[in-house]
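Coordinate analysis (summary)
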Amino acid sequence: MRAIRIAVFLFTALCGLFVAVVGSAYAQPERGAVYLVEIEGVINPPVANYLLRVLEEAARQDARLVVVQLDTPGGLDRSMREMTQAILASPVPVAVYVAPPGARAASAGLFILVSAHVAAMAPSTNTGAAHPVGLGGEADEVMMSKVVNDAAATIRTLAEQRGRNAQWSEQAVRESVSITENEAQELNVIEIVARDLDDLLRQVDGLTVETASGEVTVDVAGAPLHASPMHFAERFLHVLTDPDIAFILLSVGSIGLIAELYNPGALFPGITGVISLILAFYSLGNLPTNWAGVALIVLAVILFTAELSTDGTGVLGGGAVIAFLLGGLFLFRPFQPASPALPDLSVSPWLVVVSTGTMAGFIFLVLGQVMRTRQTPVMTGYEHYAGQIVVVHESLKPRGRVRFQGQLWFAEGPSGEEIAAGRRVKILGVEDLTLIVEPVEDLPAESTA
């Protein structure tokens with residue numbers, strides 16, 4: 001009982017600490033603050049939901065400015081459009097700042113940068129490279145033309161609305177050109193090159209911008225800075241939509257299901273496999289997935305399961321390994337032009353090789369176990385009783401009873417001799433449900449059946 005009380009106390013304390021930390025981390029900011037949003041990595045639904053949440057909160061709190069610090073290779077077209085629409089509809093001025101030094105706003109990042117009320121970049125950053133590419137080979141010209149024209153029209157209208165260089169913005173989509181921060185400022189793609197956040201706020205102060213609620217003069221002098229990070233759930237879901245993480249989850253899920261099929265009732269591999277697959281399919285649903293790759297991985301699981309039901313020749317197992325390898329390579333390579341907002345997403349080749357090697361090792365380990373099991377002679381009936389040591393429970397005169405496998409059995413000696421209770425005897429065989437035994441020298445107690 002004391003251990004249970006301690007466990008309950010610790011659990012309650014941890015819950016209280018978690019609530020306190022979360023509460024302090026996401027406490028309501030002062031009114032009229034400057035909000036800081038940090039976006040790093042692929043643009044996807046969790047990132048879009050994060051920005052929309054912060055913009056809504058900033059509007060409720062009469063924020064003076066929302067700064068979006070951006071570093072992205074691009075992302076999903078749907079998520080990018082949600083973010084640009086939210087920025088266009090925001091009554092609070094939004095400054096998109098490509099930072100820190102070395103960061104980029106490529107593909108979807110360019111669209112988000114151009115849509116901002118204030119566009120800024122840090123030194124040693126770049127933007128552009130927004131041309132769609134057919135990842136699966138030679139793309140259909142008509143389809144490619146439609147994708148390019150749609151993206152070009154979208155970024156042109158964003159640039160025109162913000163008074164920026166629409167001609168270069170369209171060129172970035174049609175020709176995939178990229179420029180540095182100084183070139184972007186010279187070409188009127190951005191307004192500001194800022195060393196850091198303080199420098200950005202100093203340069204933004206006093207600018208007049210057109211928001212959804214009309215003209216607003218940015219006044220950030222003396223305004224408190226409120227960092228608004230991702231919630232735990234948003235960050236967790238954002239991590240899940242990494243192609244490598246998706247492939248790892250798919251691999252773990254596949255191996256878990258195979259292990260459960262090989263050893264039914266183990267539960268842990270099956271539960272782990274199902275949870276991993278659910279998370280994997282969430283991730284795949286938010287990535288440009290080639291479902292032929294998923295089908296190949298499913299085929300690999302089916303082939304290996306079928307191998308367990310055969311004589312273990314290894315042919316189906318080899319096919320499973322090949323299907324798994326191809327599935328990993330094809331997983332994020334669509335056979336049609338990708339959106340210009342999307343970077344070239346793929347699973348790391350090294351990860352595919354390591355995962356395939358792990359799968360192959362697991363498959364052939366299990367096959368080896370299956371082969372050894374099938375080559376081991378199976379003892380049925382009373383054959384496996386012979387040679388086991390038991391204790392006489394009731395004296396054999398010449399017939400009595402012995403305790404064997406937790407039960408009392410009739411037994412007698414081979415020559416009808418009397419054997420006293422408590423003696424250890426060895427089973428020679430079974431005749432009509434009667435054990436035939438013979439006395440043996442005293443043995444340690446653990447040797448008895």
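Let us look at the pairing of strand E14 (residues 407–412). Consecutive side chains of a regular strand alternate in pointing toward one face of the sheet and then the other. Pairing of strand E13 (residues 399–404) with E14 involves 6 bridges; the strand directions are antiparallel. Note on E14: the bridge partner recorded for Arg-399 is Glu-412. Hairpin connection of E13 to E14: 2 residues between the antiparallel strands, including Gln-405 at a positive phi of 55 degrees. Pairing geometry for E14 and strand E16 (residues 434–439), over 2 bridges, is parallel. Within E16, the position partnered with Ala-411 by the bridge is Leu-435.

Taken together, 6 strands build an open sheet; the order of strands is E8-E5-E3-E2-E1-E11 and the sheet is parallel. Of all strands in the sheet, those with a lone pairing partner are strand E8 (192–193) and strand E11 (225–227), marking the two edges. The pairing of strand E3 (residues 94–98) with strand E5 (residues 118–121) spans 4 bridges and is classified as parallel. Bridge pairing links Ala-95 to Val-118 in E5.

This part covers helix H6 (residues 166–175). Buried within H6 we find Ala-166, Trp-168, Ser-169, Glu-170, Ala-172 and Val-173. In this structure Asn-165 caps H6, since a side-chain oxygen of it lies 3.2 Å from the backbone nitrogen of Gln-167. Ser-176 sits one or two residues past H6 and shows a positive phi near 60 degrees.

What follows concerns the nonpolar core. In this structure, Ile-39, Val-66 and Val-96 are the most contacted members of the largest nonpolar core, which totals 49 residues. No other element matches helix H2 (residues 45–60), which puts 7 residues into this core. If we ignore the near neighbours within four places in the chain, the residues touching Val-66 are Tyr-35, Val-37, Leu-55, Ala-58, Val-92, Pro-93, Val-94 and Ala-95. Counting residues in hydrophobic clusters, the runner-up holds 32 residues, among them Ala-246, Ala-323, Val-352 and Phe-362.

Before going further, it helps to spend a moment on the confidence of the model for the chain. Considering every residue of the chain, the mean pLDDT works out to 81; 81% of them sit at 70 or more. Of the regions scoring below 50 in pLDDT, residues 133–139 engages in 17 contacts with residues more than four places distant in sequence or in other chains. Contacts for the low-pLDDT stretch residues 444–448, under 50 throughout, to residues beyond four places or in other chains number 6 contacts.

Right, let's get into the pattern of salt bridges. The tally for this structure, following the rule as stated, stands at 12 salt bridges. As a salt-bridge pair, Glu-170 and Arg-174 come within 2.8 Å of each other at their nearest N and O atoms. Of the two residues, Glu-170 and Arg-174 both sit in helix H6, 4 residues apart, roughly one turn of that helix. A single salt-bridge network, built from bridges that share partners, covers Asp-77, Arg-81 and Asp-150.

Residue Pro-100 follows Ala-99 across a cis peptide bond; omega there is 0 degrees. You can see Pro-100 is positioned in the loop between E3 and strand E4 (104–106). In this model, Lys-397 is joined to Pro-398 through a cis peptide bond whose omega is -5 degrees. Relative to the elements of secondary structure, Pro-398 occurs in the loop between strand E12 (389–394) and E13. With a phi close to 50 degrees, Asp-62 is a non-glycine residue in the positive phi region. Residue position: Asp-62 is located in the loop between H2 and strand E2 (65–71). Given the relative accessible area of 47%, Asp-62 is considered partly exposed.

How each quantity is defined
Residues numbered from 1 in each chain as written. Predicted model: local features only at pLDDT ≥ 70, side-chain atom pairs only at ≥ 80, totals over all residues. Heavy atoms only, no water. Pairing = 2+ DSSP bridges. Helix = DSSP H or I, 4+ residues; strand = E, 2+ residues; numbered from the N terminus. Buried < 20%, exposed > 50% of the residue type's maximum accessible area, 1.4 Å probe, protein only. Polar contact = N/O pair within 3.5 Å; in protein donor to acceptor, adjacent residues only side chain to side chain. Core = buried A, V, L, I, M, F, W, Y, C linked by side-chain atoms within 4.5 Å. Contact = heavy atoms within 4.5 Å. pLDDT = per-residue confidence, 0-100. Salt bridge = Lys/Arg side-chain N within 4 Å of Asp/Glu carboxyl O.

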